[in-house]
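# Per-entry structural report
Listed below, chain by chain, are the residues.
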Number of protein chains: 2
Amino acid sequence: MTKDIQALVFDAYGTLFDVHSVTRLADARFPGRGAALSQAWRVKQLEYTWLRSLMGRYDDFNAVTAEALDWALESLGLAATAADRADLRQAYRELSLFPEVRGALERLAEGRTLAILSNGHPEMLDAVVDHNELRVHFGERVLSVHEVGVFKPDPRVYALATAHLGLAPEAIGFVSSNGWDAAGAKSFGFRAYWVNRGKAPVERLGSPPDRVVADLGELAGLLA
Amino acid sequence: MTKDIQALVFDAYGTLFDVHSVTRLADARFPGRGAALSQAWRVKQLEYTWLRSLMGRYDDFNAVTAEALDWALESLGLAATAADRADLRQAYRELSLFPEVRGALERLAEGRTLAILSNGHPEMLDAVVDHNELRVHFGERVLSVHEVGVFKPDPRVYALATAHLGLAPEAIGFVSSNGWDAAGAKSFGFRAYWVNRGKAPVERLGSPPDRVVADLGELAGLLA
């Protein structure tokens, strides 16, 4: 089956880029609370993407991320200045890669097209892709939900990949560390690879992933 | 403004009924882990309602609640028997009222129509309403998302209340302890009362509630 996969489409945040790489900055500003802030921020950010999509009140990921940060700061009772907030938001444009990503992408690129499909605003995505010098692998194939005005896992988002790549869903392998995103991709018709970095249980959403891997290195081995 | 409110529509779970009243049973089966299980179960249950709605893969609240329980048990490493699972699911039909609810509903019913609008499956909702002897206040006005096949905060859900009650959105006060549900209701056009039982920050979703109250007793005083 895996030889029929002509393109691999990657989720960005949490899959290629470590969203918790903001923890260090957060911990410097709020000693001992960095991990809690990073965690609360991420959970709320995802919630807001789902809720705004369902409400029919899309706003871009920059705005949602800023609103989620404000909520998380207040929920933890942290008094942040405007500069703290701006710096934390800026950190999202300079997230680190997970350590195995660069090597794995080089192996996965052999004979296949690579793309990114993300909730991120295009400008925010371009910033973090270029910050990590990943343009060589993805070119212009850095696709954002902003084009359709709704967030994952709405099927209109996954349809962006088939449209931009000119491929049928079954010719695309979708790679995400977010179990719910892998489920949405599988439900759409992609072959779904779940990068289970956190050793979490499989999401019970009716569309389990085709394969579960620990990281992108294991995926590269699987698809070699 | 409040005198123009002709009907009050209540969320069920978390607003009238305490979803964490399953904690005692959970703690009896898994000593010391009851609160963690109840919490993880509830968070995942909500996530699944949002995700399935976005994926276009509605399944009823009984199914979603059972799937969320299975995930929560696995995530906490709790070995549950089929009987444990059945008993925990059954507990959802026998949730307790928050202590002030009965008295507050009696006051709030004066001169107004009361209704429930919930994610729950109709049969599950009827069970918990009758278990708590609330039929006297709500009659047949126990409305379920099951009719539209999508969960809150999709606006089609809130439209069930205007359709069934034959009222314009601005004549309806919507009462929820879930901040995101209050935001969805406000976005739809209801007057929104957020019962902030957990002293949480206001959700940043672009449609803050009209009023925030600590419990339904405070709401009854406000609308007297």
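Given the structure is predicted, the values throughout are model-derived calculations rather than measurements.

This part is about the sheet that holds strand 5 (residues 142–144) of chain A. All names here are of chain A. The parallel open sheet is built from 6 strands, whose spatial order is 5-4-1-6-7-8. Each edge of the open sheet is held by one strand with a lone partner, namely strand 5 and strand 8 (211–213). Each strand of the sheet is rotated relative to its neighbour by a mean of 25°, with strand direction disregarded. Pairing analysis gives 4 bridges linking strand 1 (residues 7–10) to strand 6 (residues 172–176), with the strands arranged parallel. Considered in strand 6, the bridge of Phe 10 is made with Val 175.

This part takes up the relation of the copies chain B and chain A. Of the transformation superimposing chain B on chain A, the axial component is 0.0 Å and the angular component is 180°, with the fit at an RMSD of 0.0 Å. Both chain copies can therefore be described as sitting about a two-fold axis.

A few words on the packing of helix 3 (residues 61–75) of chain B against helix 4 (residues 82–91) of chain B. All names here are of chain B. At a closest axis distance of 11 Å, the pairing of helix 3 and helix 4 adopts a crossing angle of 125°. Put simply, helix 3 runs oblique to helix 4. The interaxial crossing formed by helix 3 with helix 4 has right-handed handedness. Along the contact surface, helix 3 presents Ala 66, Leu 69, Asp 70 and Leu 73, while helix 4 presents Arg 85, Leu 88 and Arg 89. By residue class, the composition of the contact of helix 3 with helix 4 is 4 nonpolar, no polar and 3 charged.

This next bit is on the packing of aromatic side chains. Scanning the entire structure with this criterion turns up 25 aromatic pairs over all chains. Ring centres of A:Trp50 and B:Trp50 lie 6.3 Å apart, and the angle between their planes is 45°; this geometry places the pair in the tilted category. Here A:Trp50 is found in helix 2 (residues 34–55), whereas its partner B:Trp50 is found in helix 2 (residues 34–55) on a different chain. The class of A:Trp50 is buried, set by a relative accessible area of 3%. Summarising the aromatic geometry, the rings of B:Phe10 and B:Phe138 are spaced 6.1 Å apart at their centres and angled 75° between planes, so their arrangement reads as edge-to-face. You can see B:Phe10 sitting in strand 1 (residues 7–10) and its partner B:Phe138 sitting in helix 7 (residues 135–138), a full 128 residues away along the chain. Pair check on accessibility: B:Phe10 and B:Phe138 agree, each one buried. Ring pairing ties together the aromatic residues A:Tyr13, A:Trp41, A:Tyr58, A:Phe61, A:Tyr92 and A:Phe151, which thus form one cluster. Lying over the aromatic face of A:Phe98, A:Arg197 brings its terminal NZ or CZ to 3.7 Å of the ring centre. Against the face of B:Trp71 rests B:Lys44, its NZ or CZ located 3.9 Å from the ring centre.

Pairing is possible between side chains of opposite charge, provided their charged atoms come close. Residues and elements named next belong to chain A. For the structure on display, the rule yields 30 salt bridges over all chains. A salt bridge links Arg 29 to Asp 84, with the shortest nitrogen-to-oxygen separation between them at 2.8 Å. One end of the pair, Arg 29, is in helix 1 (residues 23–29); the other, Asp 84, is in helix 4 (residues 82–91), and 55 residues separate them in sequence. What makes Arg 29 partly exposed here is its relative accessible area of 32%.

Calculation criteria
Residues numbered from 1 in each chain as written. Chains lettered and ligands numbered in written order. Predicted model: local features only at pLDDT ≥ 70, side-chain atom pairs only at ≥ 80, totals over all residues. Heavy atoms only, no water. Pairing = 2+ DSSP bridges. Helix = DSSP H or I, 4+ residues; strand = E, 2+ residues; numbered from the N terminus. Axes fitted to C-alpha atoms, helices over the stretch in contact; angles between N-to-C directions. Least-squares fit on C-alpha atoms with pLDDT ≥ 70 in both. Parallel < 35°, antiparallel > 145°, perpendicular 65-115°, else oblique. Left-handed = near helix turned anticlockwise from the far one by under 90°. Contact = heavy atoms within 4.5 Å. Nonpolar A, V, L, I, M, F, W, Y, C, P; charged D, E, K, R; others polar. Phe/Tyr/Trp six-rings, centres within 6.5 Å; stacked < 30°, edge-to-face > 60°. Buried < 20%, exposed > 50% of the residue type's maximum accessible area, 1.4 Å probe, protein only. Lys NZ or Arg CZ within 6 Å of the ring centre and 35° of its normal. Salt bridge = Lys/Arg side-chain N within 4 Å of Asp/Glu carboxyl O.

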